[in-house]
Amino acid sequence: MFENNRVKLGIAPIGWTNDDLPELGGEITFEQCISEMALSGFTGSEVGNKYPRDPEVLKKALHLRGLEIASAWFSAFLTSRPLEENIAAFKGHRDFLHEMGAKVIVVSEQGNSIQGQMETPLFEQKPVFTESEWELLVAGLHRLGDIAAEKGMKIVYHHHMGTGVQTTDEIDRLMAETDPGKVSLLYDTGHLVFSGEDPIHVLKKHMDRIHHVHLKDVRMETAYAVREQKMSFLQAVKNGVFTVPGDGVIDFKPVFEELDKAGYNGWFVVEAEQDPSMANPFEYAVKARRYIKEQSGL
Ligand SMILES: O=C1C[C@@H](O)[C@H](O)[C@@H](O)C1=O
Ligand SMILES: [Co+2]
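Quantities reported herein were computed from a predicted structural model and do not represent experimental measurements. (Residues numbered from 1 in each chain as written. Chains lettered and ligands numbered in written order. Predicted model: local features only at pLDDT ≥ 70, side-chain atom pairs only at ≥ 80, totals over all residues. Heavy atoms only, no water.)

Visitor: Help me understand the overall build of the protein chain in this model?
Guide: When helices and strands are tallied, the protein chain shows eleven helices and eleven strands. Compactness check: the protein chain gives a C-alpha radius of gyration of 18 Å against a globular reference of 19 Å for 298 residues, within 12% of the reference. Scored against the burial criterion, the 298 residues of the protein chain give a buried share of 59%. For the protein chain, the proportion of contacts with a sequence separation of at least 24, taken over those separated by at least 6, is 81%. Just so you have it, the protein chain exposes about 12,100 Å², and 50% of that area is on carbon and sulfur atoms. (Helix = DSSP H or I, 4+ residues; strand = E, 2+ residues; numbered from the N terminus. Rg over C-alpha atoms; globule rule 2.2 N^0.38 Å. Buried < 20%, exposed > 50% of the residue type's maximum accessible area, 1.4 Å probe, protein only. Contact = heavy atoms within 4.5 Å. Areas by Shrake-Rupley, 256 points an atom, 1.4 Å probe, with all protein chains shown as cover.)

Set out below in structure tokens:
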């Protein structure tokens, strides 16, 4: 599978130090994190809160370990803040990623998002965009897509738990209303399964829009407990809802087969936010790397 080096394999720093919950892994250094990524067999990474922001300093640390930057998350507030404010912040992010050699920019709309709220029940209070919010989102994403294209880059939209683009219907609507030349999709297995969606259905339906992949697995017993006990997204993460591929309920073989069949080229980024004091990030990175090799040959 994935012959001709079409796919690169990265891992996100969120298993070592969590951006949404910085106290998780607060003691782990940037050097430990990137050294363990390289040692476990990955060649790329996304950007975490401990990464130096000076591109030359970051490049040197990464290149010493054979790593490159795949992308980095951008929180958009297109439905809740002025467009010009979004554009100014986005341009800085785009320029940094461009300097680092990334080709795609992860974008997620955080207007009305509950993903960062510790006490807000995830399934009960998920935001639903109004018609005017959908219009703002679509028009704003088109602008961000144009700005990314100025540097030969693409935006890849991250559907996400606790946001207005979480479910299959919401992803379908976003894809239907956005221009494929300006807005691509990030496919995150963990968020789809946690939400109760069929990941293969979404994959097949939107394959031609998918230009970045997050490989995340789900501990289903925890996902059920989150619903029953009305936990928030952050409580779910603390309780270990997410883990690395090969450690949860998702069968990644058909995911890899579909992506291979479609000629996917780009990054696979393992992304498993869990408490590093309970799930040793190096051990889980090695586990993920072995599982991906077994299932895809990569
Ligand atoms: O891509 C991601 C970035 C994180 O900050 C986020 O909360 C996580 O769930 C995710 O999928
Ligand atoms: Co993700």
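Visitor: How should I be thinking about the confidence of the model for the protein chain in this particular structure?
Guide: Detailed reading of predicted coordinates is not advised where the pLDDT is low. When pLDDT is averaged across the protein chain, the result is 98; 100% of the residues are at 70 or more. For this predicted complex, the interface confidence score (ipTM) comes to 0.98, while the overall pTM stands at 0.98. (pLDDT = per-residue confidence, 0-100.)

Visitor: What's the story with the packing of aromatic side chains in this structure? I'm lost.
Guide: What describes a pair of aromatic rings is the distance from one ring centre to the other and the angle between the planes of the rings. Enumeration according to the criterion identifies twelve aromatic pairs in this entry. Centroid distance F74 to F90: 5.2 Å. Interplanar angle 75 degrees. Geometry classified as edge-to-face. Taken as a pair, F74 in strand β4 (residues 73-76) and F90 in helix α3 (residues 83-99) lie far apart in primary sequence, 16 residues in all. Cluster of aromatic residues (ring-pair linked, three or more members): F2, F252, F256, Y264, F268 and Y291. Directly above the aromatic system of F77 lies the positively charged group of R81, at a separation of 3.7 Å from the ring centroid. Directly above the ring of F123 sits R227, whose terminal nitrogen or CZ lies 3.9 Å from the centroid. (Phe/Tyr/Trp six-rings, centres within 6.5 Å; stacked < 30°, edge-to-face > 60°. Lys NZ or Arg CZ within 6 Å of the ring centre and 35° of its normal.)

Visitor: Is there a simple way to think about the coordination of the cobalt ion (ligand 2) in this case?
Guide: Ideal coordination angles are 109.5 degrees for a metal with four donors arranged tetrahedrally and 90 or 180 degrees for a metal with six donors arranged octahedrally. Bound to the cobalt ion (ligand 2) are the protein donor atoms H158 (NE2), D188 (OD), H214 (ND1) and E271 (OE), situated 2.1 to 2.3 Å from the metal. Around the cobalt ion (ligand 2), the six donor atoms sit at angles spanning 71 to 166 degrees, and that spread fits a shape best called octahedral. For the cobalt ion (ligand 2), all donor residues lie on one chain, and their spacing in sequence is H-x29-D-x25-H-x56-E. Taken as a pair, H214 in strand β8 (residues 210-215) and E271 in the loop between β11 (266-270) and α11 (281-296) lie far apart in primary sequence, 57 residues in all. The exposure classification of H214 matches that of E271, with both residues buried. (Donors = N, O, S within 2.8 Å, 3.2 Å for Na, K, Ca; no water. Tetrahedral: all angles 85-135°; square planar, octahedral: opposite > 155°, others 65-115°.)

Visitor: Would you mind showing me how to read the sheet that holds β11 here?
Guide: One key point about sheets: their strands pair by backbone hydrogen bonds, in either a parallel or an antiparallel sense. The nine strands are arranged β3-β2-β1-β11-β8-β7-β6-β5-β4 in an open sheet whose pairing can be described as parallel. This sheet does not close on itself; its edge strands, each paired only once, are β3 (68-71) and β4. Shown here is a sheet whose adjacent strand axes are inclined to one another by a mean of 35 degrees, direction ignored. (Pairing = 2+ DSSP bridges. Axes fitted to C-alpha atoms, helices over the stretch in contact; angles between N-to-C directions.)

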